[in-house]
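Chain and residue survey
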Amino acid sequence: MNTDDVLPKDQRGEDYAGAKACMKCHQDLSTSYAHSAHGSTSRPVVNAELLAVFDRDSNTFHYDGQRKVIVEQRKNGIFQTAYLDGKQVRSEQFDIIFGSGEKAYTYGYWKGKKLYELPLSYFSAIQNWAISPGFPGNNYYYERGITSRCFECHGSYVEKKLTQNSAFSQEEEMETGSIIYGIDCERCHGPAKAHVVFHTENPDEKSAKFIAVFKSLSRKQKMDACGVCHSGNTLMSQQSVFSFKPGDDLDDFYVQDFRGFGGAELDVHGNQSTMLQSSACYVKSSAMTCQSCHQTHENIKGNLSAYSQKCMGCHQSIAHSKNTLSKGMLTANCIDCHMPKVASKLISFKQAGRDQVSPYPLRSHRIAIY
Ligand code: HEC
Ligand code: HEC
Ligand code: HEC
Ligand code: HEC
Ligand code: HEC
Ligand code: HEC
Ligand code: HEC
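About the cut-offs
- Residues numbered from 1 in each chain as written.
- Chains lettered and ligands numbered in written order.
- Predicted model: local features only at pLDDT ≥ 70, side-chain atom pairs only at ≥ 80, totals over all residues.
- Heavy atoms only, no water.
- Donors = N, O, S within 2.8 Å, 3.2 Å for Na, K, Ca; no water.
- Tetrahedral: all angles 85-135°; square planar, octahedral: opposite > 155°, others 65-115°.
- Helix = DSSP H or I, 4+ residues; strand = E, 2+ residues; numbered from the N terminus.
- Buried < 20%, exposed > 50% of the residue type's maximum accessible area, 1.4 Å probe, protein only.
- Near = heavy atom within 4 Å.
- Polar contact = N/O pair within 3.5 Å; in protein donor to acceptor, adjacent residues only side chain to side chain.
- Nonpolar A, V, L, I, M, F, W, Y, C, P; charged D, E, K, R; others polar.

**Let's talk about the coordination of the iron atom of ligand 3**
With distances of 2.0 Å, the protein atoms coordinating the iron atom of ligand 3 are H189 (NE2) and H297 (NE2). One can describe the donor arrangement at the iron atom of ligand 3 as octahedral, given that its 6 donor atoms subtend angles of 88 to 179° at the metal. Placement of H189 in helix α6 (residues 185–189) and of H297 in the loop between α10 (280–284) and α11 (304–314) is noted, with a sequence separation of 108 residues between them. In this structure H189 comes out as partly exposed when scored by relative accessible area, which is 33%.

**A closer look at the site of ligand 1**
Taken together, 21 residues form the shell around ligand 1, and within it C22, C25, H26, H189 and H195 come nearest. Interatomic distance of 3.3 Å between a backbone N/O atom of F214 and an oxygen atom of ligand 1. Contributions of two or more residues to the shell around ligand 1 are made by α2 (20–23), α6 and α7 (193–201). For the shell around ligand 1, the leading source of residues is α7, giving 4 residues. Residue composition of the shell around ligand 1, grouped by class: 11 nonpolar, 7 polar and 3 charged.

**Brief notes about the coordination of the iron atom of ligand 2**
In an ideal octahedron of six donors the angles at the metal are 90 or 180 degrees, and in an ideal tetrahedron of four donors they are 109.5 degrees. Bound to the iron atom of ligand 2 are the protein donor atoms H38 (NE2) and H230 (NE2), situated 2.0 to 2.1 Å from the metal. Classification of the site at the iron atom of ligand 2 rests on its 6 donor atoms, whose angles at the metal span 87 to 179°, yielding the label octahedral. Of the two residues, H38 is situated in the loop between α3 (27–33) and β1 (42–44) and H230 in helix α8 (residues 219–230); the sequence distance between them amounts to 192 residues. Residue H38 is classed as partly exposed on the basis of its relative accessible area of 33%. The exposure class of H230 is partly exposed, given its relative accessible area of 31%.

**Brief notes about the site of ligand 6**
Within the structure, ligand 6 sits among 21 residues, and C290, C293, H294, G302 and H365 are positioned closest to it. Interatomic distance of 3.0 Å between a side-chain N/O atom of K103 and an oxygen atom of ligand 6. Secondary structure elements with two or more residues in the shell around ligand 6: α8, α9 (272–277), α11 and β17 (357–363). Among the elements that take part in the shell around ligand 6, α9 stands out by supplying 3 residues, more than any other.

Listed below in structure tokens is the structure:
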């Protein structure tokens with residue numbers, strides 16, 4: 001069989017096969033993966049799906065007595081419409097979703113080849129709309145650009161072009177047709193066309209060829225493979241991280257950003273890699289990586305006792321004080337004491353009718369005695 005005829009073209013180039021091509025031989029993984037947080041972290045809006053998420057009664061967000069944004073369904077789509085004293089002033093359609101909904105969904109709308117963030121995001125903890133993180137609290141705002149940088153962590157590919165705006169500023173345009181939504185197989189495993197071709201032609205070969213074998217990577221290479229998206233976004237990329245593949249050195253992609261540029265405009269989240277590397281567990285063991293606790297293709301989310309088993313893999317005897325031991329069965333949940341949920345300093349959200357902002361808690365990956 002000639003694989004070239006069967007495989008559709010992939011936007012990323014000749015070396016890529018596309019996620020559909022993996023189905024044939026890795027069907028279980030492919031099916032379970034479709035519903036994972038990585039797989040669904042960006043996608044185009046499907047109206048029926050969007051409507052199912054929120055409660056029709058709570059779709060008005062009041063900024064004050066005069067200003068509000070209503071999430072409304074119209075003939076040709078779903079919109080976030082701003083009103084001032086009852087008169088419509090702006091209305092933009094939901095085009096794209098960022099976030100699997102684990103904690104939040106943020107939405108974008110296209111204006112030509114530029115993408116902008118809608119004023120309201122949906123926060124799962126409150127099951128309601130709140131002002132998108134980092135937006136002004138007193139008025140609707142529609143001008144915040146969503147750049148290809150968001151896709152670098154929340155997607156698999158987008159083609160971008162810089163256009164000269166004036167002598168001093170450039171603006172980014174994205175080709176909507178080139179987007180590969182979600183984080184797909186080859187985003188993590190690297191281009192796999194040669195792997196697909198080889199195994200199609202050699203069905204009896206049972207060991208993997210022409211693909212990075214994760215187990216055989218060094219510790220730094222393993223950390224880098226996750227750190228490309230999980231080391232925060234105050235880092236500045238010197239080249240697009242879309243081409244990063246397992247085995248590459250992340251230092252060739254990011255430079256530490258000392259000016260805070262980028263971090264000021266983007267929300268900083270997802271910094272598990274740096275946090276973990278500051279833990280005694282990481283520093284004093286030679287083997288700890290993300291895989292010590294997370295298997296990408298296995299879902300134990302919310303199962304803190306399963307995670308605690310992973311701790312006990314390294315900690316068989318623990319010198320807990322009498323006082324700590326008196327707190328009950330410690331073995332069922334090491335996590336809440338040693339990896340507490342900590343509110344993000346940079347993301348918080350504002351609910352309607354409240355002056356206080358609500359926290360956005362994340363699991364601290366600095367494992368320690370708190
Ligand atoms: C024609 C069959 C076939 C297709 C199609 C295929 N693979 Fe594989 N793949 C294999 C075989 C055989 C192995 C070795 C046995 C195993 O690990 O399942 C393997 C193993 C792997 C491994 C494990 C490497 C390791 O760490 O040991 C990865 C990752 C992988 N494939 C990724 C992909 C991706 C991504 C695609 C789609 C772009 C894909 N495969 C399509 C046959 C295939
Ligand atoms: C291309 C960027 C990217 C790469 C590479 C990546 N992640 Fe993620 N990861 C994300 C994003 C974005 C989310 C948030 C998904 C959401 O809920 O919308 C996430 C969520 C997660 C979650 C929480 C959700 C869940 O599935 O339980 C874990 C755990 C995680 N990643 C671990 C890893 C590990 C381990 C690696 C390395 C093998 C890795 N990630 C590689 C971008 C990435
Ligand atoms: C977020 C990154 C990420 C994504 C996306 C991803 N994988 Fe993996 N995959 C890994 C890592 C890391 C391993 C090594 C073991 C582990 O952590 O589970 C792995 C292991 C594998 C293996 C070895 C067998 C196994 O079960 O451990 C195969 C085969 C595989 N992946 C195929 C795929 C296919 C097919 C897809 C798309 C449907 C995919 N992967 C998507 C990160 C990823
Ligand atoms: C450096 C990688 C990175 C960049 C850049 C990035 N994100 Fe994220 N984002 C993540 C990771 C990792 C998570 C999940 C874990 C966390 O928050 O620590 C996440 C979580 C989210 C969530 C919540 C998802 C959920 O299901 O709970 C939303 C929404 C989101 N990001 C939107 C955006 C938008 C919009 C942009 C661009 C303005 C952006 N992100 C830029 C890595 C990134
Ligand atoms: C890969 C092995 C490994 C895993 C997995 C592991 N640890 Fe550790 N941890 C260590 C090592 C090594 C030390 C340092 C011990 C020493 O200093 O003697 C340590 C230290 C600690 C400390 C003391 C921290 C300090 O600052 O003094 C705590 C608390 C801890 N671990 C809790 C945990 C918890 C909870 C988990 C699971 C979420 C976990 N560890 C998973 C290897 C591991
Ligand atoms: C010692 C165990 C351990 C290690 C190592 C570890 N994690 Fe986690 N991680 C956890 C636990 C426990 C949770 C919370 C799970 C839950 O609540 O279901 C978590 C949650 C997450 C989340 C979800 C965000 C949140 O705050 O809910 C992301 C993303 C994540 N881990 C990424 C990573 C990445 C990337 C690495 C490697 C740099 C890593 N983790 C290493 C134990 C670990
Ligand atoms: C109720 C909170 C709590 C729980 C649950 C808990 N710890 Fe601790 N842990 C502590 C405190 C507090 C200390 C500091 C010593 C003390 O006062 O007991 C500590 C100390 C430690 C240390 C450093 C002492 C040493 O032996 O090196 C390690 C390692 C550790 N815990 C691991 C774990 C693991 C693994 C689990 C789950 C099996 C766990 N802890 C469950 C609160 C807790």
